[in-house]
Amino acid sequence: MSHPPEHLAHFRTLAALRPPRTTVAIAWILLVGIAAAIFILFFVPWLQTAQGRGQVVSLDPEDRAQEVTALVPGRVERWYVHDGQHVNRGDPIARIVDLDPNLLSRLAAERAQVMAEIASVQQSRAVAQIDVNRTRQLFSEGLASRRDFEQAQIKVADSGAKLAESRAKLNRIEVQLNRQSAQLVQAPRAGRIQNLTATAGGALVSAGTVLAVIAPEQVQRAVELMIDGRDVPLLRPGRRVRLEFEGWPAIQFSGWPSIAYGFFDGRVRTIDPNANAQGLFRILVEPMPGKPAWPERRFVRLGGKVQGWVQGETVTVGYELWRQLNDFPLEFGQTKTGKDGKDAGAKDDDKKIAAKAGKPK
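Read on for a plain summary of the structure. Everything numeric here is computed off the predicted structure, so don't read it as measured data. (Residues numbered from 1 in each chain as written. Predicted model: local features only at pLDDT ≥ 70, side-chain atom pairs only at ≥ 80, totals over all residues. Heavy atoms only, no water.)

A separate point is the overall build of the protein. Broken down by element type, the protein carries 7 helices and 14 strands. Counting all 361 residues of the protein, 32% fall into the buried class. Residue pairs in contact within the protein that sit at least 24 positions apart in sequence constitute 76% of those at least 6 positions apart. In the form shown here, the protein has an accessible surface area of approximately 22900 Å², with 56% of it arising from carbon and sulfur atoms. (Helix = DSSP H or I, 4+ residues; strand = E, 2+ residues; numbered from the N terminus. Buried < 20%, exposed > 50% of the residue type's maximum accessible area, 1.4 Å probe, protein only. Contact = heavy atoms within 4.5 Å. Areas by Shrake-Rupley, 256 points an atom, 1.4 Å probe, with all protein chains shown as cover.)

Dropping the structure here:
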């Protein structure tokens, strides 16, 4: 309640009271801060992002590290490569010998014996067939009995059975010889020897034992990110992704990507339909056309750690804080998708990039 000045003249102590300047300044700062906070919450835009961690992978499964295994059991006699060596397709990796050094010679002798048996059975079968033809002629003329004709036919059938059994033995021997011929393990593709997992000399290996790992050198890289299932339903192929590679310094403002530094651009290629055991979904990210290329492979190798932010819709800062507090998914907004499932906004960005490159779509 205000008092007239003539009344305050009777209360000199009350008239002398004035608030300190510090208090006034703090009050003005609080008012300005509250006004600025309200303005930021309701008028400043914020780009929503779905954060995920992952690693650098090869887009083509054939370009990923491949294991070279032993095809036959035995002992590693010799290595033809060492760690870090470049190999071409078909280059020898290691030689494996059987525990029996005379196995190949005994198999060859057994094969020759079976071949002789086959030749003998074929000759006896031909003679038996001639006897069947002659007995048939005599039986038709009444000079031989039916029993003689049937006995000749039985001999032909027995010869056929023996011939089939001998050929089965020959096939088994051929299989063993072919397997033993695989004792020289060769590189299935060109690449670099990443590591050797067995030792020479007395090392015994079985069929399927990993001998070495070959890592390809020329690959088409991609990034796999693990995204929380809360935001995956609102992600689409073609959405922009900001990537931070391990070992590359970066300054990140997820809501304001225009002032971020040290990031590389990508776009969502595919999204797995099912989650892993931890409830995370895997997405594959490929380089964004028309943007600066990713670091060279000698700086960002396969298996390197990556952190990514999949960009979503633009909302206000207040809405984003409210969403985070309530643990809601990303704002769907007015995003439209085409028949191929790609964001219309991403298609517009592709058209702009193509227009800059002189390739209108």
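Ranked by size, the top nonpolar core spans 21 residues in total, and within it Val223, Leu225, Ile227, Leu243, Phe245 and Val310 carry the most contacts. Not counting the four nearest positions on each side in its chain, valine 310 is found in contact with Gln48, Thr49, Ala50, Ile227, Leu235, Arg239, Arg240, Val241, Val268 and Ile283. Counting 16 residues, the second largest nonpolar core, distinct from the first, contains Val81, Ile96, Val185 and Ala187. (Core = buried A, V, L, I, M, F, W, Y, C linked by side-chain atoms within 4.5 Å.)

Moving on: the sheet that holds strand 8 (residues 204–205). Within the open sheet, the 4 strands sit side by side as 6-5-3-8. Their pairing is antiparallel. Two strands in the sheet have a free side with no partner beyond their single neighbour: strand 6 (184–186) and strand 8. Sheet analysis places strand 3 (residues 74–79) next to strand 8, joined by 2 bridges and oriented antiparallel. The partner of arginine 75 across the bridge, within strand 8, is leucine 204. (Pairing = 2+ DSSP bridges.)

When the charged atoms of two side chains with opposite charge come close together, those side chains can pair. If you walk through the whole model with that rule in mind, you get 9 salt bridges. Note that arginine 239 and glutamate 313 form a salt bridge whose closest N and O atoms lie 3.4 Å from each other. On the criterion of sequence distance, the pair formed by arginine 239 in the loop between strand 10 (221–228) and strand 11 (240–245) and glutamate 313 in strand 14 (residues 305–316) is long-range, its members being 74 residues apart. Note on accessibility: arginine 239 and glutamate 313 belong to one class, buried. (Salt bridge = Lys/Arg side-chain N within 4 Å of Asp/Glu carboxyl O.)

Another point: the environment of tryptophan 309. For tryptophan 309, the location among the structural elements is in strand 14. Apart from residues no more than four positions distant in its own chain, tryptophan 309 is found in contact with Thr49, Ala50, Gln51, Arg240, Val241, Arg242, Glu244, Gln252, Ser254 and Phe263.

Another point: the pairing of strand 10. Among the 8 residues that make up strand 10, 6 are buried, leaving the element largely enclosed by the rest of the structure. Of the strand pairs in this sheet, strand 1 (residues 45–58) and strand 10 are connected by 7 bridges, and their pairing is antiparallel. Pairing of serine 58 across the sheet is with arginine 221, part of strand 10. Sheet topology places strand 10 next to strand 13 (residues 280–287); 6 bridges connect them, and they run antiparallel. Its bridge partner being in strand 13, aspartate 228 is matched across the sheet by leucine 280.

Quick look at the sheet that holds strand 1 now. Strand order in the closed barrel made by the 6 strands is 1-10-13-12-11-14, with antiparallel pairing throughout. Each adjacent strand pair in this sheet contributes to an overall mean axis angle of 45°, direction not counted. (Axes fitted to C-alpha atoms, helices over the stretch in contact; angles between N-to-C directions.)

What follows deals with the pairing of strand 9 (residues 210–215). Counting buried residues along strand 9, 5 of its 6 residues qualify, which places the element largely inside the surrounding structure. Bridge count for strand 2 (residues 66–69) against strand 9 is 4 bridges, and the pairing is antiparallel. What sits directly across from threonine 69, in strand 9, is valine 210. Pairing between strand 7 (residues 191–196) and strand 9: 4 bridges, direction antiparallel. In the strand pairing of strand 9, leucine 196 is matched with alanine 212.

This brings us to the packing of aromatic side chains. With the rule as written, the count across this model stands at 5 aromatic pairs. Their ring planes at 75° and their centres at 5.4 Å tell us that phenylalanine 263 and tryptophan 309 sit as a pair that is edge-to-face. Taken together, the residues phenylalanine 263 in the loop between strand 11 and strand 12 (264–271) and tryptophan 309 in strand 14 connect sequence positions 46 residues apart. Here the two residues phenylalanine 263 and tryptophan 309 agree in accessibility, since each one is buried. A network of ring pairs unites the aromatic residues Phe245, Phe264 and Trp294 as a single cluster. (Phe/Tyr/Trp six-rings, centres within 6.5 Å; stacked < 30°, edge-to-face > 60°.)

Right, let's talk about helix 6 (residues 317–326) for a bit. Counting along an α-helix, one turn takes 3.6 residues, and residues three or four places apart therefore face a common direction. Within helix 6 the residues assigned to the buried category are Val317, Glu320 and Arg323. Within helix 6, the buried residues cover an arc of 120° as seen down the axis, which keeps them to one side. One or two positions beyond helix 6, positive phi appears at aspartate 327, with a value near 60°. (Arc of directions from axis to C-beta.)

Just geometry here; none of it tells us what the structure is for.
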